[in-house]
Amino acid sequence: MDSLIEALTKILEVKTPWLIEKIDVHSPTKTVNVFISFENGSKFSCSQCNKMSKVYDSNYRVWRHLDLCDYRCYLNIKIPRIKCTEHGVKVISHHPFGRQDIHYSFKLEALIMAKAKTVSIRAMSLEIGEPDNNLWRVIHYYIKQGIASIMCDKTTKMGIDEKSYKRGHKYVSIFTDLETGNVIYACEGRDESVFARFYEELFNLCGDPNLIKQISMDMSKSYISGQKEYFPGAEVFFDKFHIKKGINEAVDKVRKQEVVHTESLKKTKYIWLKNKENLTEEQKNKLASFLDESTTNTAKAYKLKTAFDQLWNIQQHAIEPTLNQWLKMTEDLALKPLISFAKTIKN
């Protein structure tokens, strides 16, 4: 048993003045109870004045810890009350194993937060055998802690992106400090109002809207409108991903308008949107046939798309004249979805 206590002292990182008194392994219920006490003569700080004081009395409290193999592990910790000469008898405010207001250890809470990024709360509840509402308490606590630590007094470059949830039926807008990579604000929606809400919250985060000099975002009309209204002095950048997404959406709108009266365009959506190298041989042949005929507006829009893609591969000094030439070609072709995309790029 002494060797087991020694091993668990290292595994659980139990350090002076704390020590493991005993370990109770119960095979029928597959549980391990680890009893942790403190050394005789130990002193702890008063929760009000931090003065080191002698122990008055103590009681065991239980925190669930990470499982040990297939056994559920519980830390039974003897929590002392100290007698402060100034404030009387007080329970110590903290110890290295867990928070006082919840029965999960810090290590288990860390696991909960890590899993919350990849699985649903319901799935996690079933996996670790804890109620949903307890898991949400942990998540909400650390989210609030994270929010309270956000400071935007030095934020000058900002990114905004949308994420879908509930199977794509709802959206959340996420604001990021591009220099630190940290999320600084998130709210439901993807319309102009998200900029209004962020503008107000920025003051609470010690930020200044006038200090925002650069914004990276997608080509959403509502985002563009919100930026012009609330951050008019900021320079706007559309990243490559969102620009390619914008022109793909324009090409697909042309196809949708044309497929109504052009039977051959049915079930061809992805040959116009995928990169050529990702097409099957059958899709490549079908695309080549459309481009050879070049009679459909969709094929003409696709040729403009491939011409636009070349902008990523040319030298810096050639970008502006090449882009102007592309804008002129788009204007001449007079396809509304592409003209709308071109206006966004131009502005």
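These numbers were taken from a predicted model, which means no experiment stands behind them.

Participant: Account for the packing of helix 11 (residues 316-333) against helix 12 (residues 336-346), naming residues and giving values.
Facilitator: One way to put it is that helix 11 packs onto helix 12 with a least axis distance of 10 Å and a crossing angle of 150 degrees. Classified by the angle their axes make, helix 11 and helix 12 are roughly antiparallel. Note on packing geometry: the crossing formed by helix 11 with helix 12 is left-handed. Note on element contacts: helix 12 touches helix 11 through Leu338, Ile339, Phe341, Ala342, Ile345 and Lys346, opposite Leu323, Trp326, Leu327 and Thr330.

Participant: How would you explain the pairing of strand 2 (residues 31-38) if you had to name every residue and give the values?
Facilitator: Judged by how many residues are buried, strand 2 sits mostly within the fold: eight of eight residues are covered. Between strand 1 (residues 18-26) and strand 2, which pair antiparallel one after the other, the connecting turn spans four residues, and Lys30 there sits at a positive phi close to 55 degrees.

Participant: Run through the environment of Phe341, naming residues and quoting values.
Facilitator: Mapped onto the fold, Phe341 is located in helix 12. Between the C-alpha atom of Phe341 and that of Trp136, which follows or precedes it by 205 residues, the distance is 42 Å. In contact with Phe341, not counting residues within four places along its chain, are Met219, Ile243, Gly246, Ile247, Ala250, Phe308 and Trp326.

Participant: Just give me the short version of the sheet that holds strand 10 (residues 214-217), but keep the residues and values in it.
Facilitator: If you trace the five strands from one edge of the open sheet to the other, you get 9-8-7-10-11, paired in mixed fashion. Two strands close off the open sheet at either side, each with one partner strand: strand 9 (183-188) and strand 11 (235-238). On average, each strand axis in the sheet is tilted by 20 degrees relative to the strand beside it, whichever way the strands run. Sheet analysis places strand 8 (residues 170-177) next to strand 9, joined by five bridges and oriented antiparallel. When the bridges of strand 9 are listed, Ile174 appears paired with Ala186.

Parameters at a glance
- Residues numbered from 1 in each chain as written.
- Predicted model: local features only at pLDDT ≥ 70, side-chain atom pairs only at ≥ 80, totals over all residues.
- Heavy atoms only, no water.
- Axes fitted to C-alpha atoms, helices over the stretch in contact; angles between N-to-C directions.
- Helix = DSSP H or I, 4+ residues; strand = E, 2+ residues; numbered from the N terminus.
- Parallel < 35°, antiparallel > 145°, perpendicular 65-115°, else oblique.
- Left-handed = near helix turned anticlockwise from the far one by under 90°.
- Contact = heavy atoms within 4.5 Å.
- Buried < 20%, exposed > 50% of the residue type's maximum accessible area, 1.4 Å probe, protein only.
- Pairing = 2+ DSSP bridges.

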